Amino acid sequence: MPFGLCSAPATFQRCMLAIFSDLVEHCVEVSVDDFSVFGNSFDHCLENLTKVLKRYIEKNLTLNWKKCHFMVKEGIGLGHIVSSNGIEVDKAKIDLITI
């Protein structure tokens, strides 16, 4: 899909949500091309990751493995730090603005 079209990002988001609709909010969150797979334990995370990766294979989707991070306790999503403590603002982003 050409991303020069004004509606391409919204169309892509709807497509991803349709593909993963039964998994969203249960074990994965989708934001355009960013996916966060989660679970209550390590084993639960592995089960959920297996479900998501199987769906990728079923739908013939591809991943950029250089951008994939597995089994992290903290990560950055949409400019925020996401961890077991909740969602926090990335202080590095604030420092760039306040300088």
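Residues numbered from 1 in each chain as written. Predicted model: local features only at pLDDT ≥ 70, side-chain atom pairs only at ≥ 80, totals over all residues. Heavy atoms only, no water.

## Overview of the overall build of the protein
- Helix and strand content of the protein: 3 helices and 5 strands.
- N-terminal to C-terminal, the α/β element order of the protein is α-β-β-α-β-β-β-α.
- Within the protein, buried positions represent 19% of all 99 residues.
- Surface summary for the protein: the accessible area is close to 7800 Å², and the carbon and sulfur share equals 59%.
- Of the charged side chains in the protein, 10 are positive and 12 negative; the average position of the first set lies 6 Å away from that of the second. (Helix = DSSP H or I, 4+ residues; strand = E, 2+ residues; numbered from the N terminus. Buried < 20%, exposed > 50% of the residue type's maximum accessible area, 1.4 Å probe, protein only. Areas by Shrake-Rupley, 256 points an atom, 1.4 Å probe, with all protein chains shown as cover. Lys, Arg positive; Asp, Glu negative; His and termini not counted. Charge placed at Lys NZ, Arg CZ, Asp CG, Glu CD.)

## What to know about the layout of surface pockets
- Here the largest pocket is characterised by a volume of approximately 1700 Å³.
- Considering the residues around the largest pocket, the lining is formed by 39 residues, among which Asp 34, Phe 35, Ser 36, Val 37 and His 69 are closest to the centre.
- Going through the elements one at a time, helix 1 (8-19), strand 1 (28-31), strand 2 (34-37), helix 2 (42-58), strand 3 (74-77) and strand 4 (80-83) are the ones with two or more residues in the lining of the largest pocket.
- Broken down by element, the lining of the largest pocket gets its largest block of residues, 6 residues, from helix 2. (1 Å grid on protein atoms, 1.4 Å probe; cavity = no way out; pocket = protein on both sides within 12 Å on 5 of 7 lines; lining within 4 Å. Points joined across faces, edges and corners; volume = space filled by probe spheres on them.)

## Concerning the side chain of Asp 90
- Tracing the chain through its elements places Asp 90 in the loop between strand 5 (86-89) and helix 3 (91-98).
- One buried charged residue, Asp 90, forms no salt bridge at all, with the nearest opposite charge on Lys 93 at 5.1 Å.
- The residues touching Asp 90, leaving out its near neighbours within four places in the chain, are Ile 76, Gly 79, His 80 and Ile 81. (Salt bridge = Lys/Arg side-chain N within 4 Å of Asp/Glu carboxyl O. Contact = heavy atoms within 4.5 Å.)

Any functional reading would require information beyond the geometric quantities listed.
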